[in-house]
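Residue-level structural notes
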Amino acid sequence: MMRRKAHIMLVEDNHSDQVMVERALEDGKIACDLTILPNGQKALESLRDMLLSDSLPDLVLMDINMPVMDGKQTLQEIRSDLELKHLPVVMLTTSNREKDVIESYRLGVNAYLTKPVLDSEFIKTIQQLENFWFELVVLPNKIK
């Protein structure tokens, strides 16, 4: 079965983590387009622009701790928007605080992953995430 090219939105302010995710996606050999945004406010602006062109991402990977608008605030906005609330959102963060985990799930996150410290483990985590969301999970082509 031929799959369409996946579109991932990465909301991450740390440049080295952005590069690490890009590298892991390239190494994973799963065809995808990657949009990188530095904070939640930019992500929401971009998502609303994407709505106009009917080109929403298939998956949003989001850090919690970012300037301007953090990941939890952004998730809350996504889940309260009728046209965006269906988007799969995965928190990908260094925070392993129980409070952050619980609050993220209460806000409707689909999964919560902590970033491994070692580069090799970080890459492996991204590849497993990619495999799960684009090989195992059935995602809709479009939701109207």
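Structural data are supplied above this passage.
All residue numbers refer to positions counted from 1 along the written sequence of the respective chain. Only residues with pLDDT of 70 or above have their local features reported here, since the model is predicted, and side-chain atom pairs are shown and tallied only from 80 upward, although totals for entire chains, interfaces and linings are computed over all residues. Excluded from the side-chain calculations are hydrogens and water; all other atoms, namely the structure's heavy atoms, are used.

Looking at the pattern of salt bridges
Quick reminder of the rule: Each salt bridge in this description consists of a side-chain nitrogen of Lys or Arg and a carboxyl oxygen of Asp or Glu lying within 4 Å of one another. By definition, any uninterrupted DSSP run of H or I lasting at least four residues is a helix, any uninterrupted run of E lasting at least two residues is a strand, and each is numbered from the N terminus. For the exposure calls, accessible area comes from a 1.4 Å probe over protein chains only, and a residue counts as buried if that area is under 20% of its type's maximum, exposed if over 50%, partly exposed in between.
Counted under the stated rule, the structure contains eight salt bridges. Of the charged contacts in the structure, one is a salt bridge between Asp-81 and Arg-48, with a shortest N-O distance of 3.6 Å. Of this pair, Asp-81 sits in the loop between helix 3 (71–80) and strand 4 (89–93) while Arg-48 sits in helix 2 (residues 40–52); the two residues are 33 residues apart in sequence, bridging distant segments of the chain. For Asp-81, a relative accessible area of 15% corresponds to the buried category.

A closer look at the packing of helix 2 against helix 3
A pair of packed helices can be characterised by two numbers: the angle between their axes and the separation between those axes. Test applied: As a rule, the C-alpha atoms of each element are fitted with a line to give its axis, helices using only the stretch in contact, and angles between N-to-C directions run from 0 to 180 degrees. Roughly parallel covers angles under 35 degrees, roughly antiparallel covers those over 145, roughly perpendicular covers 65 to 115, and oblique covers all other angles. Should the near helix be turned counterclockwise from the far one by less than a right angle, the crossing is left-handed, whereas a clockwise turn marks it as right-handed. Residue contacts are counted whenever heavy atoms from the two residues lie within 4.5 Å of one another. All amino acids are sorted into three groups, where Ala, Val, Leu, Ile, Met, Phe, Trp, Tyr, Cys and Pro are nonpolar, Asp, Glu, Lys and Arg are charged, and the leftover types, Gly among them, are polar.
Contact geometry of helix 2 with helix 3 gives a least axis separation of 9 Å together with a crossing angle of 25°. Regarding the angle of helix 2 to helix 3, the classification is roughly parallel. Along this stretch, helix 2 crosses helix 3, giving a crossing that reads as right-handed. Contacts between helix 2 and helix 3 involve Gly-40, Leu-44, Leu-47 and Arg-48 from the former and Thr-74, Glu-77 and Ile-78 from the latter. Taken together, the residues that form the contact of helix 2 with helix 3 break down as three nonpolar, two polar and two charged.

Topic: the sheet that holds strand 5 (residues 111–114)
Put simply, the test is: At least two bridges found by DSSP between two strands is the condition for calling them paired.
Ordered in space as 2-1-3-4-5, the five strands form an open sheet in which the pairing is parallel. Of all strands in the sheet, those bounded by a partner on one side alone are strand 2 (32–37) and strand 5. Going across the sheet, the axis of each strand differs from the next one's by a mean of 20°, ignoring polarity. Where strand 1 (residues 6–11) and strand 2 come together, six bridges link them in parallel fashion. Counterpart to Leu-10 in the pairing with strand 2 is Ile-36. Relative to the sheet, helix 2 contacts strand 1 and strand 2, its axis offset from that of strand 1 by approximately 150°. Against the sheet, helix 4 (residues 98–106) engages strand 4 and strand 5, with an angle of about 155° to strand 5.

Digging into the environment of Arg-48
Judged by relative accessible area, Arg-48 falls into the partly exposed class, the value being 36%. For the pair formed by Arg-48 and Asp-81, sequence separation is 33 residues and the distance between their alpha carbons is 10.0 Å. Residues within four places of Arg-48 in sequence aside, it is in contact with Glu-77 and Asp-81.

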